[in-house]
Amino acid sequence: MKLKTAIFAALLIVLTSMLATHYYAHYKNRALIFKYVSDSVGGVMIQVEDHVVSELEKKTPSNIQKILDKTRATHRFISSISYTEDGNTIKYSSDRTLKGSIIRDGYISVNRPIYDELLKENALFCYTLNYFDDGTPKKAYILLHIDKDYLFKTIEDATRDNTREVFAFQFVVLTLLLLLGLHLFAKPIYDILDTAEMKNTEYKKFFIQDFTLLQTTLVNSFKTLISQKEELTQTLEQTNYLDEILRTVADVNQLLISSKSIDELLQKSCDRLSEFGHYKLVWIGFEEDGYINVAYKSFDWSGYLDEGFRISLDPADLTSKGPSANSIIENRTVITDIYDPNFKPWFEKAKKAGFRFVIAMPLRKDMHSKPFGALTVYTDREDGFDKKEILMLEELAGDIGFAINSFRQNEAFKSHLIHDSLTGLTNRIILFDELPKYKEPKVAIVNIDRLEDINEVYGFNAGDSIIKMYAGWLAEQTKEVEGSKLYKLSGGEYAILFDENTDEEKIFQFIEKLIADTDDRSFIYEEIEIFITITVGYAKSASKPIEYAEIALKKAKSKNRHFESFDTSMQMLEEQKNNIIWHKTIKTAIKEDKIVPYFQPIVNNKTGEIERYEALMRLHTLEGKVVTPYAFLEISKKMRLYPELTKIMVSKTIDVFKTSDLPVSINLSFDDIIEQDIQEFLFEKISNTKMGEKIIFEILESEGIKSYDEVKSFINTFRSLGCSFAIDDFGSGYSNFDHILKLEVDTLKIDGSLIRNLPYDRNAQIIVASIQNFAREMGIKTVAEFVCDEDVFMHVKSMGIDSSQGYYFYEPSPNLIL
């Protein structure tokens, strides 16, 4: 009886051991396969993201289907993989039955570990793609359906194979147990059962080696499980850590878009980075006079960056050995342990502040440029910075450097745009910005007489010198009239804007004294004494003070006087007569079909070939004279004839280019854009002719854009038809510069007043270079207008401007060049 009981007990123990081993084999294979699939999903998604984002940014989304098909074919655990742009409807899928279907609920993000999610009923996962479309951040999604039948079949097959081997081995053990007797099996079996039950990790040896091996296998299995659990925990912690960094970097990247100034961007960037748990201090410094000076920093609770904190770039100075200086000197990322000997000057303060590692990254406008500063981050992590973390921070430093350079270029451009390069005075752009602030501006235009004679006799350098010297002297004189402001106009002309409270009698006395003092004063150029005189035109007007002051100036010169004050009689009668004549002329031209589009080619500066045309309005009078729109557009607007002219131009231009392979530019004013009737006409005309891909609308900056929201809405509507957009006369205005960039146009046409003066006007060269550099960085094409001769063209070409338009190449003609 005891023997039977013992045998039964032994059999029960062996069977229990076999079942436990089977359970372990099943669990182990299941866990390993789940981990493999989990890791594979992540890897597949990274590969798919790289390929899909590349195709999206190259604007070849049709290749996405091939990517999905290939991914499904090479990974058997994937049931289907799909792509959606809006998160609602499937656009591409390896399963053709899913294309166009609505996305159901239940998808799980794979931006985190998916190990446990594989057990759920629906193995559906979603991966978010971030990419840029012409500089605009966008999102898309990859949808993944795991083939659970294949997954579990794989697990069962692996488990069955392992179990078969274990059963065979244990059958032999059972036979030996029965043959050798219970006294050889009882204790080892009890010990093995105890190991299995208590999950002991202590090794034991038995008389029978197989039992020792079995017990060792169990211990090794438990150790493996414990190790895998620790590894999974560590991986999860690392993933969460990197995910938190990614969110922090994403927030800073958002600041690159939303910040209105460089100060706001850099200070908020430091603050946001320091909010990440392990980053104890963040600062940005710029190179200046051989030192790195801290310009922006997060809250420094430890006082690490005290008032005396300064880093030298001189190799003889100990501070130049630190990470921040090295990052600038060597133009690379530098990571330093605070126990590094080179960190000695700051070790005590760093240790007290709880810092452990430091990373410093150079700030530069692009990866090939010399650094102008450094971004430095201090962490308290004992392990320092993760490799992926370093890559994210380096990319962020690159974006910040680019943003800093863009802000600086923009500021430099604004400065060049509003200041006269010769005299340093603010120019007419600022003057026109100031005029609306006055109810009835009082303006005097001062003109240097005989400047052409000075240029001819003494040379242009002498003329420039006189303009500059007189500007300095005139600035001192205007201080005598409280509240007056001096501006530089073209050539030898200046404008004085007087305070509204200044009495006109006092202004007239000042002008008379100015004329007399100028007449008495001489200016020395290369030891030559040069005397000048001036003529002044004055006007007080709420509508056109500059124009009226210029009329007064012309009147004074025509009467050979030095001063005239504007009188409305000078202008009124002539304007009325002119308006009547032009009204009749325009009405007749419309009736007789005398509004004709002329076409001027735009030439590629690299190839010299015509790449498109601009349609220009011309009016043919009954006498056969060809008139440009500058003579009649304003009166046509006043007489409400302008919309009809626009319709005629668009219709005739589209008729001409129906058979042409080249696109054409059509000018639109702000009045055209906001006119509902014109919008409907354009939409219908372009839709019916399907000419959108050939149409480029040029928006006239020089006429003033009063509502950028309306212009943006117009652009979005007609982009859907394939139309492109350009800003015409760019550089002729300033106040709307930032808004124009937000319109996301395709081309900037640089104003001809800047282009034609390029060979000899330094101010124009600076402004045009700034526009071209900024446009290149923004991915916007540029066209130089009014290219009139070879000298101008060579300057345009050397500056890297993409295309040219002007009489140097072709004059406008009613016929296309064949």
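Above this text sits the structure in question.
Residues numbered from 1 in each chain as written. Predicted model: local features only at pLDDT ≥ 70, side-chain atom pairs only at ≥ 80, totals over all residues. Heavy atoms only, no water.

Q: Any chance you could explain the overall build of the protein chain here in plain terms?
A: The secondary structure content of the protein chain amounts to 24 helices and 27 strands. Counting only residues that meet the buried cut, the protein chain has 46% of its 818 residues in that class. Summed over its atoms, the accessible surface of the protein chain is roughly 42700 Å², and 52% of this surface lies on carbon and sulfur atoms. (Helix = DSSP H or I, 4+ residues; strand = E, 2+ residues; numbered from the N terminus. Buried < 20%, exposed > 50% of the residue type's maximum accessible area, 1.4 Å probe, protein only. Areas by Shrake-Rupley, 256 points an atom, 1.4 Å probe, with all protein chains shown as cover.)

Q: Can you help me understand the pairing of strand S11 (residues 373–379) in this one?
A: Consecutive side chains of a regular strand alternate in pointing toward one face of the sheet and then the other. Of all 7 residues making up S11, 7 are buried, and the element is well covered by its neighbours. Taking every second residue as pointing to the same face, both faces of S11 are buried, with Gly373, Leu375, Val377 and Thr379 on one and Ala374, Thr376 and Tyr378 on the other. Across 7 bridges, strand S6 (residues 279–288) lies against S11 in antiparallel orientation. Bridged to Tyr279 within S11 is Thr379. With 7 bridges connecting them, strand S10 (residues 357–363) and S11 associate as antiparallel partners. By the bridge assignment for S11, Pro362 is matched with Ala374. (Pairing = 2+ DSSP bridges.)

Q: For this particular structure, what's the right way to read empty space enclosed by the protein?
A: Left-over empty space is what a probe sized like a water molecule reveals as it rolls over the atoms. Applying the stated criterion across every chain, the model contains 2 cavities of 30 Å³ or more. The computed volume of the second largest cavity comes to approximately 50 Å³. Considering the residues around the second largest cavity, the lining is formed by Tyr304, Phe309, Ile311, Thr319, Gly322, Pro323, Ser324, Ala325, Phe343, Trp346 and Tyr378. Per-element tally for the lining of the second largest cavity: the top contributor is helix H7 (residues 323–329), with 3 residues. (1 Å grid on protein atoms, 1.4 Å probe; cavity = no way out; pocket = protein on both sides within 12 Å on 5 of 7 lines; lining within 4 Å. Points joined across faces, edges and corners; volume = space filled by probe spheres on them.)

Q: Would you explain the pairing of strand S25 (residues 747–750) in this entry?
A: Here S25 shows two buried faces, one formed by Thr747 and Lys749 and the other by Leu748 and Ile750. As judged from the 3 bridges shared by strand S24 (residues 724–730) and S25, these two strands associate in the parallel manner. In the strand pairing of S25, Ile727 is matched with Leu748. Two elements, S25 and strand S26 (residues 781–784), share 4 bridges in a ladder whose sense is parallel. Looking across to S26, one finds that Ile750 is bridged to Ala784.

Q: Explain the nonpolar core to me, please; I cannot follow it from the model alone.
A: Generally speaking, a soluble globular protein has its nonpolar side chains buried in company with each other. In terms of nonpolar packing, the biggest core is built from 84 residues, with Phe632, Leu682, Phe697, Phe725 and Ile755 touching the most fellow members. A per-element tally of this core places helix H17 (residues 642–657) first, with 7 residues. Setting aside its immediate chain neighbours within four residues, Phe725 contacts Ile696, Phe697, Ile699, Phe714, Ile715, Phe718, Arg719, Val745, Asp746 and Thr747. Counting 33 residues, the second-largest nonpolar core is a separate cluster that includes Val249, Phe385, Ala397 and Ala403. (Core = buried A, V, L, I, M, F, W, Y, C linked by side-chain atoms within 4.5 Å. Contact = heavy atoms within 4.5 Å.)

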